[in-house]
Amino acid sequence: MARFIKFVFVALMLVLPGVSLAGPTEDANATLDRWSAAYSANDPEAIANNYWPDAILLGTVSPVMSEGTEAIIKYFTPSKGSGNKNTIEERRAIKINDDAVVVTGFYTFTRMVEGKPVPGPSRYTMLVTKRGSEWRIAHHHSSPHVLPKN
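This write-up is about the structure you can find in this document. Owing to the predicted nature of the structure, the values given are computational and were not obtained by experimental measurement. (Residues numbered from 1 in each chain as written. Predicted model: local features only at pLDDT ≥ 70, side-chain atom pairs only at ≥ 80, totals over all residues. Heavy atoms only, no water.)

By the bridge criterion, 4 bridges tie strand β1 (residues 51–58) to strand β6 (residues 134–144) in an arrangement that is parallel. In the sheet register, tyrosine 51 faces β6, and the bridge partner there is isoleucine 137. Relative to β6, strand β5 (residues 116–131) runs antiparallel, the two sharing 10 bridges. Bridged to leucine 127 within β6 is histidine 139. The turn linking β5 back onto β6 is made up of 2 residues, and glycine 132 within it adopts a positive phi angle of 70°. (Pairing = 2+ DSSP bridges. Helix = DSSP H or I, 4+ residues; strand = E, 2+ residues; numbered from the N terminus.)

Listed below in structure tokens is the structure:
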């Protein structure tokens, strides 16, 4: 019996290093990836589900702050069924604590204009927070990316 217990212990020690539990940074990045997929699916309600009900969005093309679920849905409603896409190109994450991560970087919105794709390079900062066991966006700021002049 002692040999069996020793065997199980050694087996667990060999297997456990391969088991990876996601940390706050990975969870925040997964939230951003879910947001991007929802945007690319052109589903305003699914996009809004990635935000907390009291979240604030400073949208790329909006002159106002969108506060709360209904305002965020309203902001993204024009993209419903549009074929618009989002591609995350670069990101950096700063862990504030086990329940808050700031993710910032560059992404491109490809919007369909008269049936043709028009890229809109943009930059973003998101505060992604954990409440209970769930991660969502608490604050999102996006603006056009100023590209270097050649």
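Another aspect to go through is the sheet that holds β5. Spatially, 6 strands are ordered β2-β1-β6-β5-β4-β3 in an open sheet, and the strand pairing comes out mixed. The outermost strands of the open sheet, each flanked by one partner alone, are β2 (66–67) and β3 (85–97). Contacts between helix α2 (residues 24–40) and the sheet are confined to β1, β3, β4 (100–113), β5 and β6, with β3 contributing the most and set at about 155° to the helix. Across the sheet, helix α4 (residues 69–76) touches β1 and β2, and the angle it forms with β1 is around 50°. (Contact = heavy atoms within 4.5 Å. Axes fitted to C-alpha atoms, helices over the stretch in contact; angles between N-to-C directions.)

On to the pattern of salt bridges. Summed over the entire model, instances satisfying the criterion amount to 5 salt bridges. As a salt-bridge pair, aspartate 33 and arginine 91 come within 2.6 Å of each other at their nearest N and O atoms. In this pair, aspartate 33 is assigned in helix α2 and arginine 91 in strand β3, connecting sequence segments 58 residues apart. For aspartate 33, a relative accessible area of 38% translates into the label partly exposed. The exposure class assigned to arginine 91 is partly exposed, which follows from its relative accessible area of 27%. A salt bridge links arginine 131 to aspartate 54, with the shortest nitrogen-to-oxygen separation between them at 3.1 Å. Here arginine 131 is found in strand β5, whereas its partner aspartate 54 is found in strand β1, with 77 residues between them in sequence. We classify arginine 131 as partly exposed; its relative accessible area is 37%. (Salt bridge = Lys/Arg side-chain N within 4 Å of Asp/Glu carboxyl O. Buried < 20%, exposed > 50% of the residue type's maximum accessible area, 1.4 Å probe, protein only.)

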